[in-house]
Amino acid sequence: MTPASKARFRKGERVAMSHGGGGRAMADLIRNIFAHHFANPLLDQKHDATLIARPEGRIVISTDGHVISPLFFPGGDIGSLAVHGTLNDVAMGGGKPIALSAGFIIEEGFPLDDLDRIAASMGEAARAAGMPIATGDTKVVERGKGDGVFITTTGIGVVDDAVDIGPHRIKPGQAVVLSGPIGDHGVAIMASRQNLEFGTQITSDSAALHHMVADMLAAVPDIALLRDPTRGGLSATMNELVDGADFGLIMDEAAIPVRTEVASACELLGLDPLHIANEGKLVCICDMDKVQTLLDVMAQHDEGREARCIGEVCADQPGFVRMKTAIGGMRVVDWLSGEQLPRIC
Amino acid sequence: MKYVEEFRDPKLAENLAAVIRAEADSAREYNFMEFCGGHTHAIFRYGVQDLMPDNVHFVHGPGCPVCILPVRRLDDAIELADRHGVILCSYGDMLRVPGTKRRSLMVAKSEGADVRMVYSTLDALKIARENPDKQVVFLGIGFETTTPPSALAIKQASEEELENFTLFCNHVLTPAAIRHILDAPEIDPEEAVRLDGFLGPSHVSTVIGSQPYEFLADKYQKPVVIAGFEPLDVMQSVLMLIRQVNEGRVEVQNQYARVVTREGNERAQDLVDEIFEIRPAFEWRGLGSVPESALSIREKYAAFDAEKRFEISEKVSREVKSCECPAILRGVKKPKDCKLFGNVCTPETPMGSCMVSSEGSCAAYWTYRRAETLAEMAAERDLEPAQ
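Below is a summary of the structure that appears in this document.

Thresholds, definitions, all that
Residues numbered from 1 in each chain as written. Chains lettered and ligands numbered in written order. Predicted model: local features only at pLDDT ≥ 70, side-chain atom pairs only at ≥ 80, totals over all residues. Heavy atoms only, no water. Pairing = 2+ DSSP bridges. Helix = DSSP H or I, 4+ residues; strand = E, 2+ residues; numbered from the N terminus. Axes fitted to C-alpha atoms, helices over the stretch in contact; angles between N-to-C directions. Contact = heavy atoms within 4.5 Å. Phe/Tyr/Trp six-rings, centres within 6.5 Å; stacked < 30°, edge-to-face > 60°. Buried < 20%, exposed > 50% of the residue type's maximum accessible area, 1.4 Å probe, protein only. Lys NZ or Arg CZ within 6 Å of the ring centre and 35° of its normal. Buried area = accessible area lost by both parts, 1.4 Å probe. Salt bridge = Lys/Arg side-chain N within 4 Å of Asp/Glu carboxyl O. Polar contact = N/O pair within 3.5 Å; in protein donor to acceptor, adjacent residues only side chain to side chain. Nonpolar A, V, L, I, M, F, W, Y, C, P; charged D, E, K, R; others polar. Core = buried A, V, L, I, M, F, W, Y, C linked by side-chain atoms within 4.5 Å.

The next thing to look at is the sheet that holds strand E5 (residues 136-142) of chain B. Residue and element names in this part refer to chain B. In space, the four strands of this open sheet follow the order E4-E3-E5-E6, with parallel pairing throughout. Looking at which strands have only one partner, the edges of the open sheet turn out to be strand E4 (115-117) and strand E6 (165-171). Across the sheet, the mean angle from the axis of one strand to that of its neighbour is 25°, orientation sign disregarded. Here E5 runs beside E6; their pairing, made up of seven bridges, is parallel. Bridge pairing links Ile141 to Asn170 in E6. This element, helix H3 (residues 71-83), spans strand E3 (87-90), E4, E5 and E6 of the sheet and lies at about 170° to E6. Lying on the sheet, helix H5 (residues 121-130) is in contact with E3, E4, E5 and E6; it crosses E5 at an angle near 170°.

Structure, rendered in structure tokens:
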């Protein structure tokens, strides 16, 4: 926190019900924390609704609620996550970001210091992404009726008319490309939630992917599909694609990158990295002859340096995701049932 | 990852598969029971059976701690949370297993019971310390692997004189269950499962050693190989069993020698022995009442025994009708033989414990081999009228 920001609220001050009451306290909270960190011309219009100039192309819109414990974790916090999560959803539609809205539900008694850290991180992530926070909302709930802070963000972006991304364009013979190692985010969260120490710190992969996506689309405009394998991990994303479809997917276990420290943590806890959440990865489906072009483009970005082709779309066994195992067998890759839990023995 | 990647090496797997194919006698069938659900899932997760010749069969045994807990004991746990208002702590999988009328601990929780998932017995102790005005019960389940942590919790609670912590003890013993399976043909000829050897539970053996399985070779003339959980561990163990069968040898061999010794962890055994004693008999789901197959808390530590502190009512407990979990747990049937499999019973809507547990046979078939299993079931159904 900068010395100037220290004066914006009293040391040790906490969120009170009055901060959501619509009076002076709320106006002060918005001015001293949110407007301070989010400042941009759109937000500075100071209307109830923000006016945005009409862009060329189609509008893409996506919304996401962020409820994470702990709020601060290695590699990020709920603030930057709330920007990256929604921004990436917009990017997966092929959209270039225009603006973001942010709704906060804050629990009475939450330290203003922490709220300030979250808003600062959120403002920084939005600025870095070129996606201004154009409007927002603040509500305060009684102590015990929330979990610190919940943030809902809605992002809007614009998609070029030439881009057509969606499951309807998937067909057998196409390739599945993954942008990098899986499981970093989920294991980082789990480790900090359970106070587990693994010798090396595993950090979340939370990152904005739209710059890489823009370059990928510039090089290969006819990408069939983009998805970010967040909650439910790679297996959920792949299963969503085949659900009710007339094609199946085959992955190659040996080709799916998993960091050694993540794999070790999963071994120890009896978890499968395929089911673990990511926040800075994407899956891309494209024609097989475009794979190398895409890998070359992705390699120019930190977020895609370890990208690999991990499988292909198949015509047989439609509706199923299968995987050639590391030792040469085959198995189904299923949705996760309920919550992934460490083994008993 | 030292000691993990080495045991998933594709080249070594290919070589081992070739040796198994060469040494398996095509004139005979090999039926090997993997007692432990962890092996079942390793076999399915890595597609080990795809690398086996057609005459090598895996028979899935009752070695899943969640699967074998009878509905009555689960109903008792739910009653503890419901009627006695305790904080009931349990390992995760247990929460979803349906009890009588498909009511699970998770359902009880959603209805207001204080049921908490914990990762260790020490977490349950912590909850007890933090809630001195509430009684905290840890639902202890599992084989010899999870018993030492339960013993440690009681020991610690005793030393701290914690007055609000008890254990609902459902710890069971593997050798007694295996003995019971092998005695089954004598009890009921319909139950005869042809077994040519056992893949012995390795996590269990890290605690009790390989010695407790020697009766299988001596008395029952069944080869045993204590097997690790990596795919190459399983394949190498299968090869060791095939060689024993081919050569007419009957021994307890230890494939998992990097962790398991003949004597096991004697310190853990002493701790378990101090806190627990053998029950005369215990009900197993699928196996019925099995003599000397479970543990209860010794009188000295009775203050930490939930069964002694709380009065649990007599009640009628019922498993879901048509659920074949009991026969599947005995190795008599496979998941495809259950009419409910994939029909009304899936991991989202489990009818029996084998579909709930992450180590259950039905969950393994559903998760890793669903397409083939459903196709087999459809084919068998189509054949039925002609039979």
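Still to come is the rest of the account.
Tallying each qualifying case throughout the model produces 10 aromatic pairs over all chains. Judged by centre distance (4.6 Å) and plane angle (55°), the ring pair of Phe44(B) and Tyr365(B) falls under tilted. In this pair, Phe44(B) sits in helix H2 (residues 37-45) while Tyr365(B) sits in helix H15 (residues 361-383), placing the two residues 321 residues apart along the sequence. One exposure class covers both Phe44(B) and Tyr365(B), and it is buried. An aromatic cluster is defined as three or more aromatic residues linked by ring pairs; in this entry it consists of Phe34(A), Phe38(A) and Phe104(A). Here Arg179(B) stacks its cationic end above the ring of Phe215(B), 4.3 Å away from the centre of that ring.

Moving on: the interface of chain A and chain B. Contacts between chain A and chain B engage 28 residues on the former and 36 residues on the latter. Both faces combined, the contact of chain A with chain B buries some 2,800 Å², and carbon together with sulfur accounts for 59% of it. The tally of links from chain A across to chain B stands at three salt bridges. Our enumeration of links across chain A and chain B arrives at seven residue pairs in polar contact (both at pLDDT 80 or more). Broken down by secondary-structure element, the contributors of at least two residues to the side of chain A that touches chain B are helix H8 (260-269) and strand E13 (330-332) of chain A. With four residues, H8(A) is the largest single contributor of residues to the side of chain A that touches chain B. Taken together, the residues of the side of chain A that touches chain B sort by class into 13 nonpolar, nine polar and six charged.

Grouped together as the largest cluster of nonpolar side chains are 127 residues, with contacts concentrated most on Val48(B), Phe165(B), Met235(B), Val238(B), Phe276(B) and Trp284(B). Take this core: its biggest share by element is nine residues, from helix H10 (residues 231-247) of chain B. Other than its neighbours up to four places away in sequence, Phe165(B) contacts Ala124(B), Leu125(B), Ala128(B), Gln135(B), Val136(B), Phe138(B), Ala153(B), Ala157(B), Ala303(B), Phe304(B) and Arg309(B). In this structure, Val83(A), Val213(A), Met216(A) and Ile223(A) belong to the second largest nonpolar core, which totals 60 residues.

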